[in-house]
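Take a look at the letters that make up each chain.
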Amino acid sequence: MTCPDKPGQLINWFICSLCVPRVCKLWSSRRPRTRRNLLLGTACAIYLGFLVSQVGRASLQHGQVAEKGPHRSRDTAEASFPEIPLDGTLAPPESQGNGSTLQPNVVYITLRSKRSKPANIRGTVKPKRRKKHAVASAAPGQEALVGPSLQAADAVAPGYAQGANLAKMGERPWRLVRGPGVRAGGPDFLQPSSRESNIRIYSESAPSWLSKDDIRRMRLLADSTVAGLRPVSSKSGARLLVLEGGAPGAVLRCGPSPCGLLKQPLDMSEVFAFHLDRILGLNRTLPSVSRKAEFIQDGRPCPIILWDASLSPTSNDTHSSVKLTWGTYQQLLKQKCWQNGRVPKPESGCTEIHHHEWSKMALFDFLLQIYNRLDTNCCGFRPRKEDTCVQNGLRPKCDNQGSAALAHIIQRKHDPRHLVFIDNKGFFDRSEDNLNFKLLEGIKEFPASAVSVLKSQHLRQKLLQSLFLDKVYWESQGGRQGIEKLIDVIEHRAKILITYINAHGAKVLPMNE
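Just so it is clear, the model here is predicted, and its values are computed rather than measured.

Enquirer: So what exactly am I meant to see when it comes to the pattern of salt bridges here?
Expert: Two side chains that carry opposite charge are able to pair once their charged atoms sit near each other. Going through the model one piece at a time under the given rule, you end up with 20 salt bridges. Glu357 is paired through a salt bridge with Lys360; the nearest N and O atoms lie 3.9 Å apart. Remark: Lys360 and Glu357 occur in helix α8 (residues 355–368); sequence separation between them is three residues, near one turn of the helix. Assigned by exposure class, Glu357 and Lys360 land together as buried. Measuring nitrogen to oxygen at the nearest pair gives 2.5 Å for the salt bridge that ties Arg384 to Asp429. Pair noted here: Arg384 is in the loop between α8 and α9 (388–391) and Asp429 is in the loop between β9 (415–420) and β10 (445–447), with a separation of 45 residues, a long-range link. Here the salt bridges share partners, and the residues they tie into one network are Arg460, Arg480, Glu484, Asp488 and Glu491.

This is how it looks when you write it as structure tokens:
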């Protein structure tokens, strides 16, 4: 008889070796059956019955395990041991001296900790890509069902999806949208996607400073098919792109068809200027996006600005609808034309432009260091060789600044009180000791809405959110790292401007007339 190797079996074997001979001796001997002997015998009999039941249960469990095999589910294991904590705090199995491991009759469960998400700007994180059946591009004016993407397992058949599955997924219901880029596909299925828009909006709505018309025009400039190309009588080398979107059968020219002014890759700051204008609440620039034109500039990204037929005609020399010199401009600032609803006197020399428009222009031009409107001769800073004023030989004319003509002073035909800022090429490489403060000369008031944004801590966040919409521009500037460097420059100039306003006692007034 071998000695058992487990402690439980050893104890059972020891008790049985003592109880069984004693019971047999008591029942076989001629001793009187006293009460003590009866109790002892009964106890041993009960214990023997307990051992027999344990042996039967162990054999039954062993047979069930052999039938199920190694594929027992985790849920069954957890239900068999409800007292096991699910926090991974159980100790590992003990080891014997011979190197073998004792496997305890427990289940070890490790819970995954929640992954910490990096901080991101709202609306600039692209949703997780899933297998989906999205909308195909088609002719304008048609409609189709547009809604959340469906997993392939939820679709009835490849390329088809039913709206009833949305109730199970807890997603938003389908909705009808109209306009370009969608194809009528019926209420029960969607067509495969053909191309993703270059204006990306991943949040529920666009930033508040961009209107619905701004988003529509940005997508028109970024995604519409180019139907024609027309030259512009300009030394800048710009071209007019005739875009599809006009009435059927219309002549391919600007007016019946939408157009965009395609400029050089070096003018990419026009896109930044558009977004800065909207964030500051000025709303004086035309919508501008970046676009890759395969047939121009070897496919490099170029800025394209919306062509607006409502602008007033301009002269060929200054590209302005109002002819002004620097001296006349300074006199207009003193007259405060049309301020507070006052009609200027005929002898004041006022134009139809409201006084507040000059304050908005000066603030905007200073932040971007745009000199080709108010300082065409580059008299307020040290220009570089590649600057227009140096190439045109205008730098020596700074001795007679009063006669220097202003350029790009544009109004709309139906709204002569307000200016439209065009040709907004900015310069981010201008050092602090070479900033053009002549742009602020004569300005005694500044718009409160713009100044409040510059003073707040949200200018960087808003610029990142806004510029992220333009996919081509964002990538052309090196992603977020490159955009952050441009914003650093604007934030530093904003601090300098606020210091200038405080030092000169300029007023900050609401200018939303």
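On we go from here.
Enquirer: Explain the packing of aromatic side chains to me, please; I cannot follow it from the model alone.
Expert: Each aromatic ring pair is specified by the distance between its two centres and by the angle formed by the two planes. Counted according to the given criterion, the structure contains ten aromatic pairs. Ring geometry for Trp326 versus Tyr329: centroids 5.5 Å apart, planes at 50°, classification tilted. One end of the pair is Trp326 and the other is Tyr329, both in helix α7 (residues 326–335) and three residues apart, which spans about a single turn. The exposure class assigned to Trp326 is buried, which follows from its relative accessible area of 6%. Assessed through its relative accessible area of 1%, Tyr329 is described here as buried. Aromatic ring contacts, followed pair by pair, group Tyr202, Phe468 and Trp474 into a single cluster.

Enquirer: Can you help me understand the state of the cysteines in this one?
Expert: Disulfides are covalent bonds that connect the sulfur atoms of two cysteines. Inspection of every chain in the model, using the stated rule, returns four disulfides. Sulfur-sulfur distance for the disulfide between Cys254 and Cys259 comes to 2.0 Å. Since a negative S-S torsion denotes a left-handed disulfide, the Cys254-Cys259 link at about -105° is left-handed. Given the relative accessible area of 14%, Cys254 is considered buried. The disulfide bridge from Cys379 ends at Cys398, spanning 2.1 Å between sulfur atoms. Sign of the S-S torsion, about -100° for the bond between Cys379 and Cys398, identifies this disulfide as left-handed. Here Cys398 lies in the loop between α9 and β8 (410–412) and Cys379 lies in the loop between α8 and α9, a separation of 19 residues in the sequence.

Quick notes on the rules
- Residues numbered from 1 in each chain as written.
- Predicted model: local features only at pLDDT ≥ 70, side-chain atom pairs only at ≥ 80, totals over all residues.
- Heavy atoms only, no water.
- Salt bridge = Lys/Arg side-chain N within 4 Å of Asp/Glu carboxyl O.
- Helix = DSSP H or I, 4+ residues; strand = E, 2+ residues; numbered from the N terminus.
- Buried < 20%, exposed > 50% of the residue type's maximum accessible area, 1.4 Å probe, protein only.
- Phe/Tyr/Trp six-rings, centres within 6.5 Å; stacked < 30°, edge-to-face > 60°.
- Disulfide = S-S within 2.5 Å.

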